[in-house]
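Each chain is listed here by its residues.
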Amino acid sequence: MKVLVTGSSGLIGSEAVLWFDAQGHTVTGVDNNMRADFFGPKGDTRWMLARLKERTRFRHVDADIRDRAQMFTLWQEFRPELIIHCAAQPSHDLAATRPLDDFDVNAVGTANLLEATRRHTPESVFILMSTNKVYGDAPNHLPLVERETRWDYADPADYDGIKETLSIDNCLHSVFGASKVAADVMAQEYGKYFGLRTGIFRGGCLTGPSHSGVELHGFLNYLVKVARAGEPYTIFGYKGKQVRDQIHSYDVIQALWAFAQNPRPGEVYNLGGGRGNAASLMECVAKIEALLGTKMQTQYVEQARKGDHICYISDLTKLQTHYPSWRLTYGLDQILEQLVRA
Ligand SMILES: NC(=O)c1ccc[n+]([C@@H]2O[C@H](COP(=O)([O-])OP(=O)(O)OC[C@H]3O[C@@H](n4cnc5c(N)ncnc54)[C@H](O)[C@@H]3O)[C@@H](O)[C@H]2O)c1
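A brief structural summary. Computed from a predicted structure; not experimentally measured. (Residues numbered from 1 in each chain as written. Predicted model: local features only at pLDDT ≥ 70, side-chain atom pairs only at ≥ 80, totals over all residues. Heavy atoms only, no water.)

**Side note on the overall build of the protein**
Under the convention used in this document: A run of H or I in DSSP counts as a helix once it spans at least four residues, and a run of E counts as a strand once it spans at least two, with each numbered from the N terminus. The globule rule used here is 2.2 Å times the number of residues to the 0.38 power, and the radius of gyration it is set against is calculated over C-alpha atoms. Throughout, exposure labels follow a simple rule: accessible area from a 1.4 Å probe, protein chains only, divided by the maximum for the residue type, with under 20% read as buried, over 50% as exposed, and the rest as partly exposed. Residue contacts are defined here by distance: any two heavy atoms, one from each residue, within 4.5 Å place the two residues in contact. For the area figures, the Shrake-Rupley method with a 1.4 Å probe applies, and any residue is considered shielded solely by the protein chains shown. We score Asp and Glu as negative and Lys and Arg as positive, and we do not count His or the chain ends. To locate a charge, take atom NZ for lysine, CZ for arginine, CG for aspartate or CD for glutamate.
Broken down by element type, the protein carries twelve helices and 14 strands. The C-alpha atoms of the protein give 19 Å as radius of gyration, which agrees with the globular expectation for 342 residues (20 Å, within 12%). Judged by the C-alpha coordinates and their principal axes, the protein covers about 55 × 40 × 40 Å. In the protein, which comprises 342 residues, the proportion classed as buried is 61%. Once local pairs closer than 6 in sequence are excluded, the contacts in the protein between residues at least 24 apart make up 83%. Total accessible area on the protein stands at roughly 14000 Å², and carbon and sulfur atoms take up 51% of it. When the 37 positive and 40 negative side-chain charges of the protein are each reduced to one mean point, those points stand 3 Å apart.

Below is the structure:
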């Protein structure tokens, strides 16, 4: 299969390149290292590009997904059968400082690629990496209960987490959440209206050693990096009890592959670590301290990040029902051990 991966030097994109190449597919990756522009030297992904060139046969195209003409030409030349769209401005906080860049990359960039697909390869499968931030702060309005080390859902009906049926409308999204809503809804529309084989995956906390983790994006990878370097880590609000569900990038790719083999046009899935891989920030700190055998230097700021989720767990029921062969293979402890060793 000819696979086109955008954001190929990033966490999910690089995992996709490695995996599809290893399976014998022909892979082209698009990445312009814009992560370095967004986040500075620590966000630079060239180390990953060098690694991919060394370990795979993939072809790298240094192009910008905002460049519509170049994307159309690429689609015409390469004629991808599967598109895994991971290129993005991925940070909630950064988007507020660069709203136009955020919208151009996330919303307009996605529209460019959908239209390139509709015009040139309408039979191909198009997967968009969306985000749980499309639900905005709606999850914060569910009844919550404060436990000793974490927030949790108070209503037993919410135990498995957030379902795809939660409204994405009329709440605080952050600028990033709003640009991702635009991309998410466009990808749904190209499936439902034009019949393209699009799939939309709303990520929880995606992680793994391949992340160029920075303070503003890549929570767990960054937390471990800071812990290993003995640097201070700032916790913003909610007493450090905010809950995230962690999924390894390998398990993300397996879900995308399950969809690619049997696509359901315009369908939306939540994709995270689920309850089994959910932990609060303070629980993650304790686990990392135990693994490293040292205490982390944390400081606490009362003011939470605007629109930050207090408790977010992805309900994986829909994904597992549609794709019963897919399952999580990495538990949280295993993910943390891998990050600590990396
Ligand atoms: N990492 C997470 O926790 C998480 C959670 C939910 C959703 N997601 C979504 O998953 C996708 C992948 O996330 P990630 O963590 O791999 O991000 P990442 O930042 O590691 O990778 C994105 C890549 O896209 C590239 N890129 C950015 N703008 C570009 C442009 N205009 N043209 C070409 N390339 C460009 C960057 O250089 C980077 O290498 C994103 O859409 C993100 O919003 C991520």
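**Considering the sheet that holds strand β2 (residues 26-30)**
Backbone hydrogen bonds hold the strands of a sheet together, and the pairing may be parallel or antiparallel. Inclusion rule: Criterion used throughout: strands pair if DSSP finds at least two bridges between them. Lines fitted to C-alpha atoms define the axes, with helix axes restricted to the stretch in contact, and inter-axis angles between N-to-C directions lie between 0 and 180 degrees.
Here we have seven strands laid out as an open sheet, ordered β3-β2-β1-β4-β5-β8-β12, and parallel in their pairing. Each edge of the sheet is formed by a strand with only one pairing partner; in this case those strands are β3 (59-61) and β12 (267-271). Strand-to-strand twist across the sheet, computed as the mean angle between neighbouring axes with direction ignored, equals 20 degrees. Pairing geometry for strand β1 (residues 2-6) and β2, over five bridges, is parallel. Pairing of K2 across the sheet is with T26, part of β2. Across the sheet, helix α1 (residues 11-22) lies against β1, β2, β4 (82-85) and β5 (125-131), angled at about 165 degrees from β1, the strand it touches most.

**A few points about the side chain of S9**
By the element assignment, S9 lies in the loop between β1 and α1. Setting aside residues up to four positions removed in sequence, S9 forms contacts with S14, D31, T45, M48 and L49.

**Considerations on the packing of helix α10 (residues 281-292) against helix α12 (residues 332-341)**
Using the following cut-off: Note that the term roughly parallel is reserved for angles under 35 degrees, roughly antiparallel for angles over 145, roughly perpendicular for angles of 65 to 115, and oblique for everything else. For any pair of crossing helices, the crossing counts as left-handed if the nearer helix is rotated counterclockwise from the farther one by less than a right angle, and right-handed if it is rotated clockwise.
Between α10 and α12, whose axes approach to 10 Å, the crossing angle comes to 55 degrees. In this view, α10 runs oblique relative to α12, as classed from their interaxial angle. α12 is crossed by α10, and the crossing has right-handed handedness. Contact with α10, carried on its side by K287, I288, L291 and L292, involves L332, D333, L336, E337 and V340 of α12 and no other residues of that element.

**Observations concerning the site of the ligand**
Just so we agree on the cut-off: Throughout, near means a residue has at least one heavy atom within 4 Å of the molecule or strand. As used in this structure description, the phrase polar contact means that two N or O atoms lie within 3.5 Å; if the pair is within protein, one of them must be able to donate a hydrogen and the other to accept it, and residues adjacent in sequence are counted only when both atoms belong to side chains.
Residues in close proximity to the ligand total 30 residues, the closest being D31, R35, D64, K180 and G204. G10 is positioned with one of its backbone polar atoms (N or O) 3.3 Å from an oxygen atom of the ligand. At 3.2 Å from a nitrogen atom of the ligand is found a side-chain nitrogen or oxygen belonging to N32. Here the ligand has 830 Å² of accessible area as a free molecule, and 97% of this is covered by the chains.

**Quick look at the packing of aromatic side chains**
Test applied: Classification of ring pairs rests on two measures: the distance between centres of Phe, Tyr or Trp rings, Trp counted by its six-membered ring, which must be within 6.5 Å, and the angle between planes, read as stacked under 30 degrees, edge-to-face over 60 and tilted in between. Should the NZ of a Lys or the CZ of an Arg lie within 6 Å of a ring centre and within 35 degrees of the ring normal, that charge is described as sitting over the ring.
Tallying each qualifying case throughout the model produces 14 aromatic pairs. Where F20 meets W257, the ring centres are 5.6 Å apart and the plane angle is 85 degrees; that geometry is what we call edge-to-face. A residue pair is termed long-range when its members are at least 10 positions apart, and F20 in helix α1 and W257 in helix α9 (residues 249-261) qualify at 237 residues. W257 shares its class with F20; the two are buried. Measuring from ring centre to ring centre gives 6.2 Å for F259 and Y269, while their planes differ by 70 degrees; the resulting arrangement is edge-to-face. Within this pair, whereas F259 is found in helix α9, its partner Y269 is found in strand β12, the two being separated by ten residues in sequence. An aromatic cluster is built from F201, F259, Y269 and Y323, whose rings are joined through pairwise contacts. A cation sits over an aromatic face here: K2 above F78, 5.6 Å from the ring centre. Of note, K318 hangs over the ring of Y269, and the distance from its end group to the ring centre comes to 5.1 Å.

**Describing the pattern of salt bridges**
Going by this rule: Here, a salt bridge means any side-chain nitrogen of Lys or Arg that lies within 4 Å of a carboxyl oxygen of Asp or Glu.
Taken as a whole, this structure holds 19 salt bridges when the rule is applied. K287 is the salt-bridge partner of D333, the closest N and O atoms lying 2.9 Å from each other. With a gap of 46 residues between them, D333 in helix α12 and K287 in helix α10 connect regions that are remote in the sequence. A relative accessible area of 41% places D333 in the partly exposed class. Each of D37, R98 and D101 takes part in a single network of salt bridges with overlapping partners.

**Let's talk about helix α8 (residues 219-229)**
In terms of burial, α8 is a largely internal element, eight of the eleven residues being buried. Those residues of α8 that fall on the buried side of the exposure criterion are F219, L220, N221, Y222, L223, V224, V226 and A227. Tucked inside the fold, the buried residues of α8 contact β9 (205-207), β10 (232-236), β11 (243-248), α10 and α12. Two residues or fewer past α8, G230 is found with a positive phi of approximately 70 degrees.

**Points about the state of the cysteines**
Applied cut-off: Disulfide: a pair of cysteine sulfur atoms within 2.5 Å of each other.
This model, assessed by the stated rule, comprises zero disulfides. Not part of a disulfide, C171 finds its nearest cysteine sulfur in C311, a span of 16 Å. Under the relative-accessibility criterion, C311 is labelled buried at 1%.

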